[in-house]
Amino acid sequence: MQGRGKVFYRACGIRPGVDRGTRLGAKLLMLDVLESTSQTLRELAQDGEPEGTVVVAEEQRAGHGRLGRGWASPKGGLWFSVLLRPQVAPADAQKLTLMAGVAVALALRKHLGLEARLKWPNDVLVSGKKLCGILAESRSNEKLEYVILGIGMNANFLVSALPEELRQSAITVREVLRRTVDRLALMRAILNELDAGYGAFCAGDKGEIVARWKELSETLGRKVRVETGTGIVEGVAEDVDARGALVVRTPDGAVTVDSGDCVHLR
Ligand code: BTN
């Protein structure tokens with residue numbers, strides 16, 4: 001593991017205690033400062049680390065998000081990554097992002113009573129603002145080798161700790177609840193939901209994942225603008241198909257978008 005050394009094993013603000021029953025999080029590496037929990041876990045995965053290992057850091061110096069963007073990760077957040085090794089075709093991995101979004105939203109609802117909703121493809125919103133981002137990164141040859149599920153939750157800090165350009169669109173748990181929360185308990189709640197969702201995914205229950213995602217969606221029915229690799233698609237978000245792609249009704253007909261940057265217009 002790059003940067004392995006005593007400094008990374010200092011006690012951090014998140015203490016052990018993940019449920020023993022769950023497959024995910026049975027092995028938990030808690031570190032003080034890392035470049036990125038996903039980067040560290042990728043290095044471990046390449047060395048044969050088993051499914052379910054979780055890396056969590058108090059602070060990331062080079063956290064990354066979707067579309068090659070950076071991910072601001074100040075102290076007080078909940079920054080962690082989970083290693084999955086699903087026995088599915090590489091094309092099926094996209095649905096893991098939706099599964100993770102559902103799991104995080106359910107954990108926030110059940111554990112903290114927050115009205116969490118989902119923005120396609122993988123943002124968790126509260127009051128229309130981004131509370132959590134999810135990034136699934138996979139490695140495959142002919143078959144899928146592993147997926148690193150990175151979860152970045154704005155937890156116990158104020159948005160003033162984020163770069164200025166993010167402050168309008170972001171929100172933190174501390175701001176919504178007007179108090180700090182036990183991040184380990186929140187992570188445990190997320191891992192429990194992920195464990196259930198991942199179990200259903202591995203059992204082939206993929207239609208159910210899309211159905212649950214739609215129930216929690218903030219995107220469907222909204223006017224959206226999606227920047228894709230090949231251009232801009234603007235219209236009303238009409239559906240999410242069985243693969244997890246967004247179907248947008250434009251003046252020229254329905255357009256299916258596999259990936260892109262989606263903005264809610266109204
Ligand atoms: C997004 O762009 O919305 C996804 C953000 C994912 C951030 C998390 S924080 C933990 C893990 N480590 C990273 O470097 N990224 C993910």
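Residues numbered from 1 in each chain as written. Predicted model: local features only at pLDDT ≥ 70, side-chain atom pairs only at ≥ 80, totals over all residues. Heavy atoms only, no water.

What follows concerns unusual backbone geometry. In this chain, Trp120 is followed by Pro121 through a cis amide linkage whose omega measures 0 degrees. Positioned with a positive phi, Ser127 is a non-glycine residue whose angle comes to about 55 degrees. Here Ser127 is to be found in the loop between strand S5 (123-126) and strand S6 (129-140). We classify Ser127 as exposed; its relative accessible area is 63%. Phi is positive for Arg178, close to 60 degrees, though the residue is something other than glycine. (Helix = DSSP H or I, 4+ residues; strand = E, 2+ residues; numbered from the N terminus. Buried < 20%, exposed > 50% of the residue type's maximum accessible area, 1.4 Å probe, protein only.)

Let us look at the sheet that holds S6. A sheet is described by the order of its strands in space; here 7 strands give the open sequence S1-S2-S3-S7-S6-S5-S4, paired in mixed fashion. The strands lining the two open edges of the sheet, one partner per strand, are strand S1 (28-34) and strand S4 (117-119). Neighbour-to-neighbour, the strand axes of this sheet turn through a mean angle of 20 degrees, independent of strand direction. Sheet analysis places S4 next to S5, joined by 3 bridges and oriented antiparallel. Counterpart to Leu118 in the pairing with S5 is Val124. (Pairing = 2+ DSSP bridges. Axes fitted to C-alpha atoms, helices over the stretch in contact; angles between N-to-C directions.)

For the rest of this paragraph, the subject is the environment of Glu115. Tracing the backbone through its elements, the reader meets Glu115 in the loop between helix H2 (94-112) and S4. According to the relative accessible area criterion, Glu115 is exposed, its value standing at 57%. Measuring from C-alpha to C-alpha, the distance between Glu115 and Leu216 comes to 9.6 Å, with 101 residues separating the pair along the chain. The residues touching Glu115, leaving out its near neighbours within four places in the chain, are Arg109, Leu125 and Val126. (Contact = heavy atoms within 4.5 Å.)

Let's shift gears to the packing of aromatic side chains. Evaluated as defined, the whole model comprises 2 aromatic pairs. Pairing Trp79 with Phe157 gives two aromatic rings, centres 6.0 Å apart and planes at 40 degrees, and the pair type is tilted. In this pair, Trp79 is assigned in strand S3 (residues 78-84) and Phe157 in the loop between strand S7 (144-153) and helix H3 (164-167), connecting sequence segments 78 residues apart. Side by side, Trp79 and Phe157 carry an identical accessibility label, which is buried. (Phe/Tyr/Trp six-rings, centres within 6.5 Å; stacked < 30°, edge-to-face > 60°.)

Splitting the protein chain by domain gives domain 1 (5-215) and domain 2 (223-264). Averaged C-alpha coordinates put domain 1 and domain 2 at centres separated by 25 Å. Every contact between the two is made by 13 residues of domain 1 and, on the other side, 17 residues of domain 2. Contact between domain 1 and domain 2 buries roughly 1,100 Å² in total, counting both sides, with carbon and sulfur atoms accounting for 54%. (Domains from an automatic or database assignment. Buried area = accessible area lost by both parts, 1.4 Å probe.)

Further remarks concern the site of the ligand. Close to the ligand lie 19 residues, the nearest being Ser36, Gln60, His64, Arg66 and Lys130. One of the side-chain N or O atoms of Gln60 is found 2.9 Å from a nitrogen atom in the ligand. One nitrogen or oxygen atom from the main chain of Arg66 is found 2.7 Å from an oxygen atom belonging to the ligand. In the complex, 97% of the free accessible area of the ligand, which totals 410 Å², lies under the protein chains. Looking at the shell around the ligand, the elements with two or more residues in it are helix H1 (37-46), S3, S6 and S7. Considering each element in turn, the shell around the ligand owes the most residues, 4 residues, to S6. Residue classes in the shell around the ligand are distributed as 5 nonpolar, 11 polar and 3 charged. (Near = heavy atom within 4 Å. Polar contact = N/O pair within 3.5 Å; in protein donor to acceptor, adjacent residues only side chain to side chain. Areas by Shrake-Rupley, 256 points an atom, 1.4 Å probe, with all protein chains shown as cover. Nonpolar A, V, L, I, M, F, W, Y, C, P; charged D, E, K, R; others polar.)

This structure, assessed with the given rule, holds 0 disulfides. Here Cys132 stays free of any disulfide, with the sulfur of Cys262 as its closest cysteine sulfur at 17 Å. (Disulfide = S-S within 2.5 Å.)

Next up on the list: the nonpolar core. Judged by nonpolar contacts, the single largest core of 62 residues is most densely connected at Phe80, Leu108, Met153, Ile190 and Leu194. Per-element accounting of this core gives the leading share, 12 residues, to H2. Counting only domains with at least three residues in this core, you end up with domain 1 (5-215) and domain 2 (223-264). One finds Leu34, Ala45, Ala57 and Leu83 within the second-largest nonpolar core, a separate group that totals 11 residues. (Core = buried A, V, L, I, M, F, W, Y, C linked by side-chain atoms within 4.5 Å.)

This brings us to the pattern of salt bridges. By the definition in use, this model includes 16 salt bridges. Residue Arg139 pairs with Glu145 through a salt bridge whose shortest N-O separation is 3.5 Å. A relative accessible area of 37% means that Arg139 is categorised as partly exposed. In this structure, Arg222 engages Glu218 in a salt bridge whose closest nitrogen and oxygen atoms are separated by 3.4 Å. According to the relative accessible area criterion, Arg222 is partly exposed, its value standing at 23%. The structure contains a network of salt bridges with shared partners spanning Arg117, Glu218 and Arg222. (Salt bridge = Lys/Arg side-chain N within 4 Å of Asp/Glu carboxyl O.)

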